[in-house]
Amino acid sequence: MRRSDRSAQVAAIDLGATSGRVMLADISPGRLELEQVARFGNDPVHLFDGRRTALHWDVPGLFREACAGLAEAGRRSDDLVGIGIDSWAVDYALLRDGRMLGLPHHYRDDRTAAGVKAVHAELDPADLYVRNGLQFLPFTTVYQLAAEKRDGLLDHADSALLIPDLLAYWLTGRRGTERTNASTTGLLGINGQWDTAMMERLNLPVGLFPEIVETGSDLGSLLPEVTDRLGLADAPHVTAVASHDTASAVAAIPMDPSSAAYISCGTWGLVGVELESPNVSRAGWKANFTNEVGADGRIRYLHNVMGLWLLSETVRHYQRDGYRADLSELLAQAADVTPAFDVFDTDDARFLPPGDMPGRIRDWYAERGMRPPMTFPEMVRAIIESLAAAFAETVQRAATLSGKTVQTVHLVGGGSQNRLLCQLTADRLGLPVLAGPVEATALGNVLITARAHDLIDGDLEAMRHIVADRFPPQHYVPRRTHVPPRRDAVGAGKA
């Protein structure tokens, strides 16, 4: 497990789309302990820009909370040597002379429709897929930048940083673009280099994003003023971990990639398999599968499913209306519901923005002449059933497109605590589902930092063995007696 007998601690700043945490890992011979030292909300802000109200990330607030967490990690450590940062993908800040020009837009802001139109006017979507290997998502960075170009905002910027790279810059003063997150922008070619020819064709600044930084690289120590402000005795170094949170999560999945599929389930459900090289087949493009870079150069061949966003927005809506909404109680009630409704298409674009999620789901059913779920437990059951159906269908499609024979499915992240979701996914697949670890993203983050500091040894498989030994998954066996609702409506209208 280790290259030395050294004992030390590393910290992970893990920013999700709805909350952030700072996790502290204590690593010593034969030991890996992970604890949460800070947790904070990640609530978007609505700001009027002179024409409309736009949705932004409160990145300075996230940085403040992350720094408070690092200070607490320092107080609990006797040798804090490293820090890693991961977050959601695609979003960025524009800078000039090192200063942020404004709060980064939230990927759920509706400004990107014009960007999609502008990009596709220059590049056919099928040709774009061959260039960057990415599934179509309307908020991918390239579309956001095209919208910025239309609005004249790029004229004021000389650089851009993705969210984890921005925080690393504020901590260390060094600018770079970590490879796994760069691969989600749509600007990185399938050859692993910035596609400057495409940027020129789209009239985007070629040098906007800084040089690619390889996963595991040392970004340097904390700035002296940061070290002092956090009350740290020494300045730990920041490591460029797999900064796209899904890349960190997949790095910590205790799987055999030759026969396993994975579901990284949080706000989004990222469903796919691990490949050694990209697959940019036309079938993959039509199925809207993406090729994103993972740790150690692996390819995350996957499709985005809407994920637990559907459930969290539904609960939030009922809470706003004054309903008592204890999620664990709701899930228990949902498990007792006998579904009298079909599953719905979780990928319908109407479910992307925040708002009245139960109303939108009922509308989806009404438009098709179907009986909608009416009670709160029925709505929760419909969401879980529909997610399980989408997960199962996507796993099956990933196996077909990749040529892999999938024998086991690993479900990690917050969704692994949802017993109903895990069981229904196993039922629909007819395959065992191995649930956990819950903290896959933080584990992938700290393990890459630990390896960079010579605290552990080995390749990706060695790191996964550490996770399997320390955090064994829970097994869900498919029930033959379970008869799922029809799923012919799932994916209706897709290519």
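Residues numbered from 1 in each chain as written. Predicted model: local features only at pLDDT ≥ 70, side-chain atom pairs only at ≥ 80, totals over all residues. Heavy atoms only, no water.

Let us look at the packing of helix α16 (residues 440-452) against helix α17 (residues 460-470). In the contact formed by α16 and α17, the axes pass within 11 Å of each other and the chain directions differ by 125 degrees. Between α16 and α17, the angle is such that the two are oblique. α16 and α17 meet at a crossing whose hand is right-handed. Taking contact as the criterion, the partners of Leu 443, Leu 447, Ile 448 and Arg 451 in α16 are, on α17, Leu 460, Met 463, Ile 466 and Val 467. (Axes fitted to C-alpha atoms, helices over the stretch in contact; angles between N-to-C directions. Helix = DSSP H or I, 4+ residues; strand = E, 2+ residues; numbered from the N terminus. Parallel < 35°, antiparallel > 145°, perpendicular 65-115°, else oblique. Left-handed = near helix turned anticlockwise from the far one by under 90°. Contact = heavy atoms within 4.5 Å.)

As a further point, take the UniProt feature "domain: Carbohydrate kinase FGGY N-terminal" (unreviewed entry) in the protein chain. Under the present numbering, the feature "domain: Carbohydrate kinase FGGY N-terminal" (unreviewed entry) in UniProt falls on residues 11-250. Span residues 11-250 is 33% helix and 27% strand, its end C-alpha atoms 19 Å apart. (UniProt positions renumbered as here; feature names shortened; annotations may be inferred.)

With 17 residues, helix α1 (residues 59-75) should cover 24 Å at 1.5 Å per step; its first-to-last C-alpha distance of 24 Å lies within 8% of that length. Inspection of α1 places Val 59, Gly 61, Leu 62, Phe 63, Ala 66, Cys 67, Gly 69, Leu 70, Ala 71 and Ala 73 among the buried residues, and these make up the whole buried set. Tucked inside the fold, the buried residues of α1 contact β1 (8-15), β2 (19-28), β3 (31-41), β6 (80-86), α5 (163-172) and α8 (224-230). Of the residues flanking the start of α1, the one acting as N-cap is Asp 58, its side-chain oxygen 3.1 Å from the backbone nitrogen of Gly 61. (Expected span 1.5 Å × (residues − 1). Buried < 20%, exposed > 50% of the residue type's maximum accessible area, 1.4 Å probe, protein only. Polar contact = N/O pair within 3.5 Å; in protein donor to acceptor, adjacent residues only side chain to side chain.)

Enumeration according to the criterion identifies 36 salt bridges in this entry. Glu 385 serves as the salt-bridge partner of Arg 428, at 3.6 Å between the closest nitrogen and oxygen. A residue pair is termed long-range when its members are at least 10 positions apart, and Arg 428 in helix α15 (residues 419-429) and Glu 385 in helix α14 (residues 376-402) qualify at 43 residues. Assigned by exposure class, Arg 428 and Glu 385 land together as buried. (Salt bridge = Lys/Arg side-chain N within 4 Å of Asp/Glu carboxyl O.)

Let us look at the packing of α14 against α15. Angle between the axes and distance between the axes are the two parameters that describe a pair of packed helices. Between α14 and α15, the least distance of the axes is 8 Å, while the angle of their chain directions is 45 degrees. The orientation of α14 relative to α15 falls into the category oblique. Seen along the crossing, α14 lies across α15 with a hand that is right-handed. In this structure, α14 contributes Arg 381, Ile 384, Glu 385, Leu 387, Ala 388, Ala 389, Phe 391, Ala 392, Val 395 and Gln 396 to the contact, and α15 contributes Leu 420, Leu 421, Leu 424, Thr 425, Arg 428 and Leu 429. Classifying every residue of the contact of α14 with α15 by side-chain character gives 11 nonpolar, two polar and three charged. (Nonpolar A, V, L, I, M, F, W, Y, C, P; charged D, E, K, R; others polar.)

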